[in-house]
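# Structural overview for review
The chain contents come next:
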Amino acid sequence: MRMIKDEIKDIREIAGRFKRRDLGGNMGKMIRNSSYQFIQNLVMKVGALAFVIIITRMLMPDLMGLYSLALATIVMFMSISDMGIGSALVTFISKKISEGKNKKAKAYFSSLRKLKIILLGVSTTLLLASSYFVAVDYYNKPIFLALLAGGLYIPISGLVGFFEPLFKSTNNFRTPLFKEIIFQILRLVSVPIIILLFIDRVSSSILIFLILLTICFSYFVSLVFLFFASRKQISFIKHREEKLNDKEKKELKKFILPLSVMALSGVFFGYVSMVMLGHFVLGKFLGYYSVALSLIGSASALLGFAGMSMLPIFSGLNKKPLENTFRRIRGLLILISIPVFIFTFLLAPYIIKIVYGQAYLESTIILRILSILLITAPLAGIYNTYLVSRKKTQILAVFLIGTTLMNIALNYIFIIYGLHFGMIYALIGASTATVISRVIYLFGMVIYKKLAP
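About the criteria used
Residues numbered from 1 in each chain as written. Predicted model: local features only at pLDDT ≥ 70, side-chain atom pairs only at ≥ 80, totals over all residues. Heavy atoms only, no water. Helix = DSSP H or I, 4+ residues; strand = E, 2+ residues; numbered from the N terminus. Buried < 20%, exposed > 50% of the residue type's maximum accessible area, 1.4 Å probe, protein only. Contact = heavy atoms within 4.5 Å. Areas by Shrake-Rupley, 256 points an atom, 1.4 Å probe, with all protein chains shown as cover. Phe/Tyr/Trp six-rings, centres within 6.5 Å; stacked < 30°, edge-to-face > 60°. Lys NZ or Arg CZ within 6 Å of the ring centre and 35° of its normal. Patch = residues over 30% accessible without salt bridge, like charges linked within 9 Å, V, L, I, M, F, W, Y side chains within 5 Å. Salt bridge = Lys/Arg side-chain N within 4 Å of Asp/Glu carboxyl O. Expected span 1.5 Å × (residues − 1). Bend = angle between axes of the 7 residues up to and from the residue. pLDDT = per-residue confidence, 0-100. Axes fitted to C-alpha atoms, helices over the stretch in contact; angles between N-to-C directions. Parallel < 35°, antiparallel > 145°, perpendicular 65-115°, else oblique. Left-handed = near helix turned anticlockwise from the far one by under 90°. Nonpolar A, V, L, I, M, F, W, Y, C, P; charged D, E, K, R; others polar.

### Brief notes about the overall build of the protein chain
Looking only at helices and strands, the protein chain features 16 helices and zero strands. Within the protein chain, the proportion of its 453 residues that are buried is 53%. Counted over contacts in the protein chain with a minimum sequence separation of 6, partners at least 24 positions apart contribute 84%. Carbon and sulfur atoms provide 67% of the accessible area of the protein chain, an area that totals close to 20,200 Å².

Dropping the structure here:
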């Protein structure tokens, strides 16, 4: 009860600051960044949800399942190019800028940019080289051409993912918001047009290939916008860089290496169920699973708006103010996420029918199981941000690797067992495995934070 009163007090304080236009100090930065991040998440997830709703109704379960499987596979390969570079950009550059060391900030930017380009090349090459085997031998589904489209998807979207944290490292959350608006509008307009023009004229393989190429075009326009905006708005990249010394290089490697493992494990954590189901079930069942997962992903991202927006602030705070800020954000997330979980669980069949249509009603039980993530995902996000800001990336890597391996094992066991009763039970097994793994991941971070010095 006391927690609720404290959070209501915080909400009133935030509302009062907005009314007075008082956005100074760390609290002001937190409110401003969180507001832009929340709006960006809102645009991102509402746009993504609207996009999924439209193409779900246009493609129907079988084609929707094939599209989701192709995209999940591309994102899995793309994870190789992440390596925690976005978090490193925000953590190190924001720290150097706050210290007035713009030349050092430029040095970190240059080093991380080179690494990003190399990794994008590696992940793209691996996808193209293995696309036939994955599509034909492993999945036995017509998505070979769609995977080839990943040869454009990975480098273009990967560079977008590099530039966006660059703005956030300077506490500029406004430009990424505009980027997101541009991307969502382009995708919402262009992809449905492509589907309408070609759905009855080409094979399913070619149609999914064209859809992914169109999404690549939307990312490309967003990349051009961020590139030119960075030249005008990010002042430190105009400075002559001051080379990193051996100690700084060692610290950067020490920070990135665990995050590299986390990036790979994190993507497997999110997509392993879809990839494993792709081997065992028909396309329409993949469609049922993907729409429920997409709905939960959109909602949990909206609830977890504080995670990314807090990283540049957490990174610049000392222990006591950091703890106070963390507790307030955590309490607010709990206060919001529990009612959303209850609402989703109770009204799942109506949500599915209204959002996706009668053809997807078999997704209801999947949505109910995955709705637990509406509580765990936002909390995991803020705990993750806290530990990254404290440079505890090694322990995060251990938690994530452990729970990812558990997730893979549980998915395999539950899917195989569920298949004895029917393919829908394989989906139930995959959903249950995902929820168990993510709850344990959150629990591990909570315990570590309490026990760690």
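We are not done yet, so read on.
### A word on the packing of aromatic side chains
Evaluated as defined, the whole model comprises 17 aromatic pairs. For the ring pair Phe227 and Phe228, a centre distance of 5.4 Å and an interplane angle of 80 degrees mean the geometry is edge-to-face. On the basis of relative accessibility, which here comes to 35%, the residue Phe227 falls in the partly exposed class. Aromatic side chains Phe399 and Tyr448 sit 6.2 Å apart centroid to centroid with 75 degrees between the ring planes, which places their arrangement in the edge-to-face category. Of the two residues, Phe399 sits in helix 15 (residues 393-419) while Tyr448 sits in helix 16 (residues 423-451), which places them 49 residues apart along the sequence. Taken together, the aromatic side chains of Phe109, Phe162, Phe163, Phe227 and Phe228 make up a single cluster linked through ring pairs. A cation sits over an aromatic face here: Arg187 above Phe51, 4.3 Å from the ring centre. A cation over a ring is seen here: Arg368 above Phe345, with NZ or CZ 5.6 Å from the ring centre.

### Details of a nonpolar patch on the surface
Residues Ile338, Ile342, Phe343, Phe345, Leu346, Leu347, Tyr350 and Ile354 make up a contiguous nonpolar surface patch of about 810 Å² in total accessible area. Relative to the elements of secondary structure, Leu346 occurs in helix 11 (residues 319-346).

### As for the side chain of Thr364
Counting through the fold element by element, Thr364 comes out in helix 13 (residues 364-370). Look at Thr364 and you get buried, because its relative accessible area is 12%. Sequence-distant contacts of Thr364, defined by excluding residues within four places in its chain, comprise Ala348, Pro349 and Ile352.

### Overview of helix 5 (residues 144-168)
When the terminal C-alpha atoms of helix 5 are compared, their 36 Å separation across 25 residues agrees well with the 36 Å that a helix rising 1.5 Å per residue should span. Of all the bends found along helix 5, the most pronounced is centred on Leu152 and spans about 35 degrees, while Pro155, a proline, follows it within four residues. When you tally the buried positions in helix 5, you get 18 out of 25 residues, the bulk of the element.

### A closer look at the confidence of the model for the protein chain
When the pLDDT values of the protein chain are averaged, the result is 83; 87% of them are 70 or greater. For the protein chain, per-element mean pLDDT is lowest for helix 1 (residues 2-20), which scores 49, and highest for helix 13, which scores 95. Below a pLDDT of 50 lies the segment residues 1-8, which in the model reaches eight contacts outside its immediate sequence neighbourhood of four places, other chains included.

### Describing the environment of Gly158
By secondary structure assignment, the location of Gly158 is in helix 5. With residues near it in sequence (within four places) discarded, Gly158 still touches Met78, Lys116, Leu120 and Tyr153.

### Quick notes on the packing of helix 11 against helix 14 (residues 373-389)
For the pair helix 11 and helix 14, interaxial distance at closest approach is 7 Å and the crossing angle is 165 degrees. Classified by the angle their axes make, helix 11 and helix 14 are roughly antiparallel. For the element pair helix 11 and helix 14, the recorded crossing hand is right-handed. Looking at the contact of helix 11 with helix 14, its residues break down into 15 nonpolar, three polar and three charged.

### Structural notes on unusual backbone geometry
In this structure, Met60 is a non-glycine residue whose phi angle is positive, near 70 degrees. Structurally, the position occupied by Met60 is in helix 2 (residues 25-78). Look at Asn140: it is not a glycine, yet its phi comes out positive at around 55 degrees. Within the secondary structure, Asn140 sits in the loop between helix 4 (102-139) and helix 5.

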